[in-house]
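Structural overview
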Amino acid sequence: KTRSMLNVCMLAALARWHEFEVHVRGALNNGVTADEIAEILLHTAVYAGIPIASEGFRRADAVIKAVAAEKSK
């Protein structure tokens, strides 16, 4: 779980968006909650900037919604 959280943070800071989305999905599968992903991105904003965090929130939200839709089927 911790490794997944670190990957999400680092990939957002590096703006590696495709990999970020893959790792957000993996983080959710590894027990990271949507609230924890939000906290990761808030922390990322301090070090990588608001534009990076904003894009991270947008992309993470899409992945979280997709995963939730898949689980409800």
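I will try to describe carefully the structure that is included in this document. These figures come from a predicted structure and were not determined experimentally. (Residues numbered from 1 in each chain as written. Predicted model: local features only at pLDDT ≥ 70, side-chain atom pairs only at ≥ 80, totals over all residues. Heavy atoms only, no water.)

With that settled, the discussion passes to the pattern of salt bridges. Applying the stated rule across the entire model yields 6 salt bridges. Across the pair Glu21 and Arg59 runs a salt bridge, and its minimum N-O distance is 3.0 Å. Of this pair, Glu21 sits in helix H2 (residues 17–29) while Arg59 sits in helix H4 (residues 50–71), and the two are 38 residues apart along the sequence. On the basis of relative accessible area, Glu21 is assigned to the partly exposed category, the value being 27%. Notably, a salt bridge pairs Arg59 with Glu55, separated by 2.6 Å at the nearest N-O pair. Within this pair, Arg59 and its partner Glu55 are both found in helix H4, separated by 4 residues, close to a single helical turn. Look at Glu55 and you get partly exposed, because its relative accessible area is 21%. The network of salt bridges with shared partners includes Glu21, Glu55, Arg58 and Arg59. (Salt bridge = Lys/Arg side-chain N within 4 Å of Asp/Glu carboxyl O. Helix = DSSP H or I, 4+ residues; strand = E, 2+ residues; numbered from the N terminus. Buried < 20%, exposed > 50% of the residue type's maximum accessible area, 1.4 Å probe, protein only.)

Geometric values such as these leave the question of function open.
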